[in-house]
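Chain residues, written in single-letter form:
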Amino acid sequence: MKAVFYEETGSTDVLQYGEFPDPEIGEEELLVDVKAGGLNHLDVWTRRGMPSPREFPHVPGSDAAGVVTEVGDRVSRFEVGDRVAVEPSLSCGDCEFCRSGEQSQCVQFKIKGEHTRGVHSENAAVHEDNLVAVPDHVDFVTAAAVPLVFQTAWRMLVSRAEINQADSVLVLGASGGVGHACVQIAADAGAEVFATASTDEKLEYAREIGADHAINYETEDFVSAIKEATDGRGVDVVVDHVGGATWQDSISATAKGGAVVTCGATTGPNPETDITQIFWKQLDILGSTMGTPGEGDDVLAKVWDGTFEPRIREVLPMSEIVRAHEILQDREGFGKVVVVPDSEYDPDDYER
Ligand code: ZN
């Protein structure tokens with residue numbers, strides 16, 4: 001089969017698309033004929049070695065969708081021909097967190113494509129617990145674009161920050177995968193949604209998917225804009241996956257009794273923090289990683305029924321994996337990048 005892979009971590013130069021040994025399935029695994037693979041910033045970080053995969057050559061990719069072509073002897077929930085999407089969280093099933101239903105806090109938590117072989121390949125062996133059924137009316141590109149970012153966004157806002165219709169929510173970097181999912185989830189909850197992005201075009205998209213207020217952070221100080229729009233109060237919840245570059249501003253933009261929720265630190269993990277604001281305003285600082293199977297089911301049901309829709313910025317053949325990674329690392333456009341095995345790729349299918 002053909003696969004995206006690399007022999008060492010580094011720049012996009014390390015990415016290859018070529019012949020790779022076919023995966024063999026275990027008793028509780030299925031073979032998936034991959035029709036589409038979604039990219040995440042995680043793919044860029046892993047390729048750069050932060051953190052480095054444990055084995056080389058490494059096949060990247062956490063999100064994919066396709067059709068089951070083979071099932072292991074002990075698989076009970078799926079059969080050959082089923083349409084499925086990959087859910088990339090790997091947990092032990094046995095630690096105190098797994099037993100209490102908080103699998104994304106598992107002491108051995110791993111992510112498929114980061115710590116183990118990923119799914120940007122023509123075929124992928126996937127454990128039955130890491131597959132979800134995809135309804136017939138949902139296309140594979142959409143299904144591949146959804147799982148990681150929507151479950152991450154859902155856990156942040158619904159489970160951790162517990163947003164409701166009385167809240168105001170600021171989503172930083174609304175044009176990225178997690179950001180555009182957060183805008184939709186916050187809007188669906190009835191919250192007042194503020195979104196930041198770097199261009200007027202991205203801000204227009206943010207409004208289209210539910211933002212009430214859109215702030216261009218390149219031309220405007222977002223803390224001032226928030227304070228002005230809220231009579232100096234600030235917002236109840238700030239979603240910050242940017243990290244160092246925005247952290248203190250996120251704390252400053254949060255109202256008394258509010259929360260800053262983080263799932264990433266793209267611009268650096270060690271910002272300065274004004275602790276006086278945290279205790280004086282009695283803020284909650286909430287960390288969040290991926291989601292539990294239950295959270296995944298809840299948010300995917302809302303994608304399948306059309307409540308949420310991933311914005312697809314580009315669909316490329318897997319042989320253009322370098323370009324796919326460049327779009328993500330250069331923060332071009334809005335929404336998700338999806339790759340399709342060259343043998344299945346027809347550009348006429350993906351005109352946007
Ligand atoms: Zn566990």
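Here the structure is a predicted model, which means the values were calculated and not measured. (Residues numbered from 1 in each chain as written. Predicted model: local features only at pLDDT ≥ 70, side-chain atom pairs only at ≥ 80, totals over all residues. Heavy atoms only, no water.)

A. How the structure looks around the overall build of the chain. Counting secondary structure elements, the chain contains eleven helices and 17 strands. Relative to the 2.2 N^0.38 estimate, which gives 20 Å for 352 residues, the radius of gyration of the chain is 20 Å and therefore close to what a compact globule would have. In terms of overall dimensions, the chain has a C-alpha envelope of 60 × 45 × 40 Å along the principal axes. Every one of the 352 residues in the chain was classed for burial, and the buried ones make up 55%. Charge separation in the chain, taken as the distance between the mean sites of 27 positive and 63 negative side-chain charges, equals 4 Å. (Helix = DSSP H or I, 4+ residues; strand = E, 2+ residues; numbered from the N terminus. Rg over C-alpha atoms; globule rule 2.2 N^0.38 Å. Buried < 20%, exposed > 50% of the residue type's maximum accessible area, 1.4 Å probe, protein only. Lys, Arg positive; Asp, Glu negative; His and termini not counted. Charge placed at Lys NZ, Arg CZ, Asp CG, Glu CD.)

B. Looking closely at the coordination of the zinc ion. Protein ligation of the zinc ion involves Cys92 (SG), Cys95 (SG), Cys98 (SG) and Cys106 (SG), the donor distances falling in the range 2.3 to 2.4 Å. Classification of the site at the zinc ion as tetrahedral follows from its four donor atoms and the range of 103 to 117° in their angles at the metal. All donor residues of the zinc ion come from one chain, and their arrangement in sequence is C-x2-C-x2-C-x7-C. The exposure class assigned to Cys106 is buried, which follows from its relative accessible area of 6%. (Donors = N, O, S within 2.8 Å, 3.2 Å for Na, K, Ca; no water. Tetrahedral: all angles 85-135°; square planar, octahedral: opposite > 155°, others 65-115°.)

C. Structural view of the layout of surface pockets. There is about 1,000 Å³ of room inside the largest pocket. Lining the largest pocket are 47 residues, with His41, Trp45, His241, Gly264 and Thr266 positioned closest to its centre. Only helix 1 (41–47), helix 4 (147–160), helix 5 (177–188), strand 11 (192–197) and strand 17 (336–340) provide two or more residues apiece to the lining of the largest pocket. Grouping the amino acids of the lining of the largest pocket by side-chain chemistry returns 20 nonpolar, 19 polar and eight charged. Shared between two domains, the lining of the largest pocket holds at least three residues of each, these being domain 1 (2–146 + 310–350) and domain 2 (150–287). Roughly 620 Å³ of internal volume is contained in the second largest pocket. Lining the second largest pocket are 32 residues; nearest its centre among them are Ser89, Leu90, His127, Asp129 and Asn130. At the level of elements, strand 6 (89–90), strand 8 (123–127), strand 9 (131–133) and helix 10 (293–304) are the ones that each hand at least two residues to the lining of the second largest pocket. Here the lining of the second largest pocket takes four residues from strand 8, the largest share from any one element. Looking at the lining of the second largest pocket residue by residue, the classes come out as eleven nonpolar, 13 polar and eight charged. (1 Å grid on protein atoms, 1.4 Å probe; cavity = no way out; pocket = protein on both sides within 12 Å on 5 of 7 lines; lining within 4 Å. Points joined across faces, edges and corners; volume = space filled by probe spheres on them. Nonpolar A, V, L, I, M, F, W, Y, C, P; charged D, E, K, R; others polar. Domains from an automatic or database assignment.)

D. Region of interest: the sheet that holds strand 15 (residues 284–287). Across the sheet, which stays open at both edges, the six strands sit in the order 12-11-10-13-14-15 with parallel pairing between neighbours. This sheet does not close on itself; its edge strands, each paired only once, are strand 12 (213–216) and strand 15. Ignoring strand direction, the axes of neighbouring strands in this sheet form an average angle of 20°. Strand direction decides the pairing type here: strand 11 and strand 12, joined by four bridges, are parallel. Following the sheet pairing, Ala195 is matched in strand 12 by Ala214. Sitting on the sheet, helix 4 is in contact with strand 10 (168–171), strand 13 (235–240), strand 14 (254–262) and strand 15, with an inclination near 155° to strand 13. (Pairing = 2+ DSSP bridges. Axes fitted to C-alpha atoms, helices over the stretch in contact; angles between N-to-C directions. Contact = heavy atoms within 4.5 Å.)

E. Local environment of helix 6 (residues 200–208). For helix 6, the full list of buried residues reads Lys202, Leu203 and Ala206. Along the axis of helix 6, the buried positions cluster into a sector of 100°, meaning they face one direction only. Counted as exposed and oriented over 90 degrees from the buried face of helix 6: Asp200, Glu201 and Glu208. (Arc of directions from axis to C-beta.)

F. Focus on the domain arrangement of the chain. Structurally, the chain comprises domain 1 (2–146 + 310–350) and domain 2 (150–287). Of note, the centres of domain 1 and domain 2, computed from C-alpha atoms alone, are 28 Å apart. Residue-level contacts link 16 residues of domain 1 with 13 residues of domain 2. Sorting the residues of domain 1 by area buried against domain 2 places Arg311, Arg331 and Phe334 first, and these three jointly supply 46% of that buried surface. Summed over the shared surface of domain 1 and domain 2, the number is two salt bridges. Here Arg311 makes a salt bridge to Glu208, at a shortest N to O gap of 2.9 Å. Scanning the region where domain 1 abuts domain 2 turns up eight residue pairs in polar contact (both at pLDDT 80 or more). Residue composition of the side of domain 1 that touches domain 2, by class: five nonpolar, five polar and six charged. (Buried area = accessible area lost by both parts, 1.4 Å probe. Salt bridge = Lys/Arg side-chain N within 4 Å of Asp/Glu carboxyl O. Polar contact = N/O pair within 3.5 Å; in protein donor to acceptor, adjacent residues only side chain to side chain.)

G. Main features of the side chain of Ser250. Inspection of the secondary structure assignment puts Ser250 in helix 8 (residues 247–253). For Ser250, a relative accessible area of 0% corresponds to the buried category. In contact with Ser250, not counting residues within four places along its chain, are Leu172, Phe222, Val238, Asp240 and Val260.

H. A look at helix 4. Its 14 residues give helix 4 an end-to-end C-alpha distance of 18 Å, which sits within 8% of 20 Å, the value for a rise of 1.5 Å per residue. A large share of helix 4 lies buried, amounting to eleven of its 14 residues. Every buried residue of helix 4 is listed here: Pro147, Leu148, Val149, Phe150, Gln151, Thr152, Ala153, Trp154, Arg155, Met156 and Leu157. One or two residues past the end of helix 4 sits Glu162, with phi positive at roughly 50°. (Expected span 1.5 Å × (residues − 1).)

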